[in-house]
Amino acid sequence: MSKVKVAINGFGTIGKRVADAILLQDDMELIGVSKTKPDYVAKYAIERGLFLYVPEGTKERFEEKGFKVAGTIREMIEKADIVIDATPSKIGAKNKELYEKIGVKAIFQGGEKHEVAGFSFNAYVNYDDAKGRQYVRVISCNTTGLIRSLNAINELFKIKEAFAVITRRAADPADTKSGIINAIEPTIPIPSHHGPDVKTVLDVPITTMAVKVPTTLMHLHSIMVKTHEKPNKKDLLDAFENYKRILLVSKDLGISATSQIIELARDHGRKRYDLFELVIWEDSIAIENHTIYFYQAVHQEAIVVPENIDAIRAMFEIADKEESIKKTDSSLGIGALKI
Ligand code: NAD
């Protein structure tokens, strides 16, 4: 088939990164992005050479500021084979009505409920089940991180029970919404929504708790997994290393905090310091009888980007799982960053 025409509805934290990733794919074409406000991000989109689409009746507001508008969001969606809905949580559910009317495929993000798409996606776990689907939801950053490591463990030693405490960044770096400044906020009630969300993709018994802390860089997960088969560290490390979307780091090499992980991404020239990989501290892995303990970190702004790209290929059945993951990884430099 010719290139898949992709529209990005919501050019924010996730939308702009997925747009960049689409531009790197030889089997996809970015037909446009949408913005609701004529701000610096809209200006950046135009300067990047992207077609900008805006809500009905707002064209003049953009043009008054000298921003060239290609059309309305509806017109953008009518031209697309698929929409990546990267609008804020709960807006995607409202947008679905329009996608249904136009008959376009859509990918929703983790801020939407599983039911909005009826199918939640992770490339490693259920790529084949996404084939041909009209709607897919790419699970959230924390859930994607949990699934990557838990799936590797489950394939090796079969998970009996998992427990994770998620230390959540309070806001993304560009956010100016009010939030916690000098406090730690536990997520109540327990369990947090992350455990049930994992189960929409991977069938493992898991309970999660979460606390928000005043940082913007990354999330940190403290994980405990009980397994049916006796785990051993060598096989576990080999498995993690084989997953290109997992990056192993160590305190021994001076990475003792999320700030140093981000510095590593900067040193390696990653745009916006994006880390598409789940980061696991290999020297945190401890095994006691049938229980594995470790820490992992998630760059919330970037980890779901490769999953969106693979979801598109699955929905249009233009590549099998291994081929798609390989293409996505090599286009984003995943696997090239090793320490
Ligand atoms: P964001 O606020 O950074 O960006 C959303 C963009 O959508 C903004 O540009 C906003 O102007 C635009 N927008 C708002 N209403 C719109 C509408 N009606 N039509 C078109 N555009 C509209 O949000 P985000 O952080 O990129 O989150 C997007 C989705 O991705 C959410 O479901 C979120 O839960 C999920 N997600 C976010 C993160 C993260 O850490 N930021 C990680 C994984 C998943």
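Cut-offs applied
- Residues numbered from 1 in each chain as written.
- Predicted model: local features only at pLDDT ≥ 70, side-chain atom pairs only at ≥ 80, totals over all residues.
- Heavy atoms only, no water.
- Helix = DSSP H or I, 4+ residues; strand = E, 2+ residues; numbered from the N terminus.
- Rg over C-alpha atoms; globule rule 2.2 N^0.38 Å.
- Buried < 20%, exposed > 50% of the residue type's maximum accessible area, 1.4 Å probe, protein only.
- Contact = heavy atoms within 4.5 Å.
- Areas by Shrake-Rupley, 256 points an atom, 1.4 Å probe, with all protein chains shown as cover.
- Core = buried A, V, L, I, M, F, W, Y, C linked by side-chain atoms within 4.5 Å.
- Domains from an automatic or database assignment.
- Near = heavy atom within 4 Å.
- Polar contact = N/O pair within 3.5 Å; in protein donor to acceptor, adjacent residues only side chain to side chain.
- Nonpolar A, V, L, I, M, F, W, Y, C, P; charged D, E, K, R; others polar.
- Buried area = accessible area lost by both parts, 1.4 Å probe.
- Salt bridge = Lys/Arg side-chain N within 4 Å of Asp/Glu carboxyl O.
- Expected span 1.5 Å × (residues − 1).
- Arc of directions from axis to C-beta.
- Phe/Tyr/Trp six-rings, centres within 6.5 Å; stacked < 30°, edge-to-face > 60°.
- Lys NZ or Arg CZ within 6 Å of the ring centre and 35° of its normal.

Comments concerning the overall build of the protein
When you go through the protein residue by residue, the secondary structure sums to 13 helices and 16 strands. Expected size for 339 residues packed as a compact globule is a radius of gyration near 20 Å; at 20 Å, the protein falls within 12% of this value. Along the three orthogonal principal directions, the C-alpha set of the protein runs to about 65 × 45 × 40 Å. Residues counted as buried form 54% of the 339 residues belonging to the protein. Put simply, 73% of the contacts in the protein that link residues at least 6 apart link residues at least 24 apart. On the protein, roughly 15100 Å² of surface is accessible, and the fraction owed to carbon and sulfur atoms is 51%.

Looking at the nonpolar core
By size, the foremost hydrophobic cluster in this structure holds 80 residues, and its most contacted members are V33, F121, I153, F240, F294 and I312. Built from parts of two domains, this core gets at least three residues from each of domain 1 (4–139 + 305–332) and domain 2 (141–298). Sequence-distant contacts of V33, that is, excluding residues within four places in its chain, are made with I8, F11, A19, A45, L50, F51, L52, Y53 and M76.

Concerning the site of the ligand
Taken together, 20 residues lie near the ligand, and T13, I14, G111, R169 and D172 sit nearest. One nitrogen or oxygen atom from the main chain of G111 is found 3.1 Å from an oxygen atom belonging to the ligand. Within the complex, the protein chains bury 81% of what would otherwise be the 830 Å² of accessible surface of the ligand. Along the lines of polarity and charge, the residues of the shell around the ligand split into six nonpolar, eleven polar and three charged. In this structure, the shell around the ligand is formed jointly by two domains, domain 1 (4–139 + 305–332) and domain 2 (141–298), each of which donates at least three residues.

What about the domain arrangement of the protein?
Splitting the protein by domain gives domain 1 (4–139 + 305–332) and domain 2 (141–298). Placing the centre of domain 1 and that of domain 2 at their C-alpha centroids yields a distance of 26 Å. Each side of the interface is counted separately: domain 1 has 24 residues, and domain 2 has 19 residues. Both faces combined, the contact of domain 1 with domain 2 buries some 1800 Å², and carbon together with sulfur accounts for 52% of it. Taken as a group, Y124, V125 and I139 account for 35% of the area that domain 1 buries against domain 2, more than any other trio of residues on that side. Connecting domain 1 to domain 2 are eight salt bridges. Linking D197 and R137 is a salt bridge whose minimum nitrogen-to-oxygen distance equals 2.7 Å. On inspection of domain 1 and its partner domain 2, the count reaches twelve residue pairs in polar contact (both at pLDDT 80 or more). Of all the secondary-structure elements, those providing two or more residues to the side of domain 1 that touches domain 2 are α1 (13–23), β7 (120–121), α7 (123–126), α12 (305–316) and α13 (321–332).

Re helix α5 (residues 91–102)
For α5, which comprises twelve residues, the first-to-last C-alpha distance of 17 Å matches the rise-based estimate of 16 Å (1.5 Å per residue) to within 8%. Looking only at α5, the buried set comprises G92, N95, K96 and Y99. The buried residues of α5 occupy one face: seen down the axis, they fall within an arc of 130°. Facing away from the buried side of α5 by more than 90 degrees, the exposed set consists of K94, E97 and K101. Here the buried face of α5 lies against β1 (4–9), α4 (73–79), β5 (82–85), β6 (105–108), α6 (114–117) and β8 (135–138).

Description of the environment of I309
Within the secondary structure, I309 is located in helix α12. I309 sits 225 residues away from I84 along the chain, and the two C-alpha atoms are 9.7 Å apart. Residues contacting I309, with those up to four places away along its chain left out, are V18, A21, I22, Q25, M28 and T328.

Looking at the packing of aromatic side chains
Under the defined criterion, the tally for this structure stands at six aromatic pairs. Seen from their ring centres, Y99 and F108 are 6.0 Å apart, and the 40° between their planes marks the pair as tilted. In this structure Y99 comes out as buried when scored by relative accessible area, which is 0%. Taking the centre distance of 6.3 Å and the plane angle of 55° together, the rings of F121 and Y127 count as tilted. Just as F121 is buried, Y127 falls in that class too. One aromatic cluster in this structure is built from Y99, F108 and Y135. Note that K105 overlies the ring of F316, its terminal NZ or CZ placed 5.2 Å from the centroid.

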